[in-house]
Amino acid sequence: MQRNQTNQSVIRIEGLNKTYEPDFEALRKINLTIRRGEIFALLGPNGAGKTTLISIICGITSPTSGRVLINGKNIVRDYRATRSVVGLVPQELTTDAFETVWHTVSFTRGLFGKKPNPRHIEKILRQLTLWAKKDERIMNLSGGMKRRVLIAKALSHEPDILFLDEPTAGVDVELRKDMWDLVRGLQKNGVTIILTTHYIEEAEEMADRIGIINRGELILVEDKKTLMRKLGTKRLYLELQQPLEKIPARLKPYDLKLANDGNCIVYTYDTRAKKTGITALLQDLSESKIKFRDLNTSKSSLEDIFVDLLKENT
Amino acid sequence: MNTEAVKSIYIFEMNRARRTIFQSIISPVISTALYFIVFGSAIGSRITQVDGVSYGSFIVPGLIMLSVLTQSIANASFGIYFPKFTGTIYEILSAPVSSFEIVLGYVGAAATKSLILGLVILATAYLFVPLQIAHPLWMISFLVLTCITFSLFGFIIGVWADGFEKLQIIPLLVITPLVFLGGTFYSISMLPPLWQSISMFNPVVYLVSGFRWSFFEMADVNVGLSLFMIALFLTTCLVIIWRIFKTGYKIKD
Ligand SMILES: Nc1ncnc2c1ncn2[C@@H]1O[C@H](COP(=O)(O)OP(=O)(O)O)[C@@H](O)[C@H]1O
Ligand SMILES: [Mg+2]
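Thresholds, definitions, all that
Residues numbered from 1 in each chain as written. Chains lettered and ligands numbered in written order. Predicted model: local features only at pLDDT ≥ 70, side-chain atom pairs only at ≥ 80, totals over all residues. Heavy atoms only, no water. Helix = DSSP H or I, 4+ residues; strand = E, 2+ residues; numbered from the N terminus. Rg over C-alpha atoms; globule rule 2.2 N^0.38 Å. Buried < 20%, exposed > 50% of the residue type's maximum accessible area, 1.4 Å probe, protein only. Contact = heavy atoms within 4.5 Å. Areas by Shrake-Rupley, 256 points an atom, 1.4 Å probe, with all protein chains shown as cover. Lys, Arg positive; Asp, Glu negative; His and termini not counted. Charge placed at Lys NZ, Arg CZ, Asp CG, Glu CD. Near = heavy atom within 4 Å. Polar contact = N/O pair within 3.5 Å; in protein donor to acceptor, adjacent residues only side chain to side chain.

Points about the overall build of chain B
So, step 1. What chain B contains, in helices and strands, is 10 helices and 2 strands.
So, step 2. N-terminal to C-terminal, the α/β element order of chain B is α-α-β-β-α-α-α-α-α-α-α-α.
So, step 3. In terms of overall dimensions, chain B is globule-like: its C-alpha atoms have a radius of gyration of 19 Å, near the 18 Å expected for 253 residues.
So, step 4. Its C-alpha atoms give chain B principal-axis dimensions of roughly 60 × 35 × 35 Å.
So, step 5. Per-residue burial over chain B gives 53% buried out of 253 residues.
So, step 6. For chain B, the share of sequence-separated contacts (at least 6 apart) that also reach a separation of at least 24 residues comes to 79%.
So, step 7. About 11,200 Å² of surface is accessible on chain B, with carbon and sulfur atoms providing 70% of the total.
So, step 8. Charged side chains of chain B number 13 positive and 10 negative; the gap between the two group centres comes to 4 Å.

Shown next, in the form of structure tokens:
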């Protein structure tokens, strides 16, 4: 795909707010542009507002204010045009328990205004290894299989934009792999994909760009590579035998922090850097006659990132 | 117009009926046959004729209306309530369909089912009693109008209900009494004058009366008035549905 086409916006969200009755602000002033053909990950903890945002874009929930454009068309005024190009795999496993796989997938295609096309449905079912189950009633399927059915439904009408809301929650390794293969295949065919997750790893594995959302606010949107550099830091905690008043001058370059009333030194480093600086730090510590009892490391969690980001933003 | 969507919803709903054929066709037919045996034979041996029509035949239009009313409401309310209950409504809400198309699909299917049911009961009645239909076209028109009107009404209940209890309470507490008191099993003129006046507030009286007229040319109220009342009720349902979709009441957050 050509560069200029990739950068073209396919979804534009402008000043979007959502307040649930009576006064819970689930989304606050969301502005976001999704580029055509990209895989965008919306990353945030539970209750951040990911599902609400997706639901508004897909027309399931009404926004309190603000607007959304898909291919330049307003999702309220031009809902026919905008909705027919969107497919949604919801977070919850909501299915018509009594229907067969084939019927439920064909139903969705019709609902989205497409003429029946058994070949296409067959292709999707085969891709999702559902073909053998096509005449099975959905209630007889396992959770993973139901998730596959939901994906098949979302793809039944050949959408240009696909939303995957927490696609890997409660999903086995095999389906995860199949799903990512499928997503990459779709992207090759020009489909734009927006997925939500609360796992950094997942966003890292799949996305081109990542948006971080917390408490209804989009804190940051960044290229994955840039963000991962920020997220890729680890902390080394050194518990000292004797508390320190301040960091000795020769240790300044390490940008150390004292914690726990001077009983602990914290060193933050980049796991992806060629040199993490740990060896040198330990050497300098011993030369400064600083002894420690214990050490441990922790990867900065999403929580830490949020805390940092929130601090930066206020 | 998204005709594919209307077709999809319609076929989906008709398939559901095929799966639950016992509930939707066979059980009403059985209960109608029971009504014939109990009311037609037991009571009919006492009341032999109403205005020159044998009692067994007299109750046929009312019995058909009874089943058609209850099944229209049950079918249409369940049809839209169930996706709300399971959550699959997300799909309808996110699809490029207008409210009109949604109503057309669900109500169309529910009305079709009741129409089939009404005709099946009519055929069953033929086995028990002699029947002549004076105005077949009017008969079908009354039947179709009733199917549509009460399927719309059922749709409203299905949208309004937020539990299975609410889904059943209106048919049980409102419709069944109205039907039984609406001249299904008797002619309004058999009642004392006070009850005759009270009955005039029961909309079902107009339905049954008009429908019965199309069979036997006998009616408790003027046929024109019957038609007017059905039209009025139909319009009321349409207005309510239009309001519901305008405000998104209980469908969208
Ligand atoms: N229908 C609703 N009514 C009221 N509050 C809701 C509703 N749906 C979601 N919420 C609240 O909005 C917040 C965001 O929810 P959601 O969008 O589902 O978050 P996420 O998908 O990121 O986990 C949560 O605090 C949730 O409790
Ligand atoms: Mg969610």
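Observations concerning the site of ligand 1
So, step 1. The immediate surroundings of ligand 1 are formed by 12 residues, with Gly47, Gly49, Lys50, Thr51 and Thr52 of chain A found nearest.
So, step 2. Near ligand 1, the surrounding residues belong to chains A and B.
So, step 3. At a separation of 2.9 Å, an oxygen atom of ligand 1 approaches a polar backbone atom of Gly49 of chain A.
So, step 4. Residue Lys50 of chain A places a main-chain N or O atom 2.8 Å away from an oxygen atom belonging to ligand 1.
So, step 5. Look at ligand 1: alone it shows 560 Å² of surface, and the protein chains cover 65% of it.
So, step 6. Of all the secondary-structure elements, those providing two or more residues to the shell around ligand 1 are β2 (24–35) and α2 (50–58) of chain A.

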